[in-house]
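Structural overview
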Amino acid sequence: MQGLNVLSLFDGMSSGMIALERAGIKVQNYYASEIDKHAIKVSKANYPNIIQIGDVQSIDVTSLPKIDLLIGGSPCQTLSSLGNGTGFDGKSGLFFEFV
């Protein structure tokens, strides 16, 4: 097996890649959708082969190969009891981009 083509939405510091690596799952291509510059910096330092593709709302899926695994965790600050209470009307509305 050559490995999976992975698309990670809201990738953060690429914790999905960390999990796949620890599980012994081979990855051929790992596409990361992330906009936070600090998270991207950490991701690039740990996994320079990750392909950063930017904002989840701007992904052209026709430019990607067949994706074998879609992972992600949408921003949840507006859904948290510690957040601002805007729910799906705030940044957590990006949940529907994942769905």
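Bear in mind the structure is a predicted one, so any value in this text is a computation, not a measurement.

Thoughts on the pattern of salt bridges
This structure, assessed with the given rule, holds one salt bridge. Between D68 and K66 there is a salt bridge, with its nearest N and O atoms 2.8 Å apart. A relative accessible area of 62% means that K66 is categorised as exposed.

Quick look at the pairing of strand 2 (residues 27-33)
The side chains of a regular strand alternate between the sheet's two faces. Burial analysis of strand 2 places five of its seven residues in the buried class, the great majority of the element. Bridge count between strand 1 (residues 4-9) and strand 2: six bridges; the pairing is parallel. Residue L9 lies in a different strand from strand 2, and its bridge partner there is S33. Once you follow strand 1 into helix 1 (residues 15-22) and on to strand 2, the crossover reads as right-handed. In this region the chain leaves strand 2, passes through helix 2 (residues 37-46) and returns to the parallel neighbour strand 3 (residues 51-52); the handedness of that crossover is right-handed.

Rules used in this analysis
- Every chain begins its residue count from 1, and numbering advances along the sequence as written.
- Confidence filtering applies because this is a predicted model: local features only for residues at pLDDT of at least 70, side-chain atom pairs given and counted only at 80 or more, and all residues used for totals across whole chains, interfaces and linings.
- Side-chain metrics rest on all non-hydrogen atoms present in the structure, leaving aside hydrogens and water.
- Within this document, salt bridges are pairs made up of a side-chain nitrogen of Lys or Arg and a carboxyl oxygen of Asp or Glu, the two lying within 4 Å of each other.
- Only protein chains enter the accessibility calculation, which uses a 1.4 Å probe. A residue is then buried if its area is under 20% of the maximum for its type, exposed if over 50%, and partly exposed in between.
- Helix numbering and strand numbering both begin at the N terminus, where a helix is a DSSP run of H or I of at least 4 residues and a strand a DSSP run of E of at least 2.
- Pairing between strands is defined by DSSP: at least two bridges between the two strands are required.
- Think of it like this: strands point away, you trace from the first strand over the helix to the second, and a clockwise trace means the crossover is right-handed.

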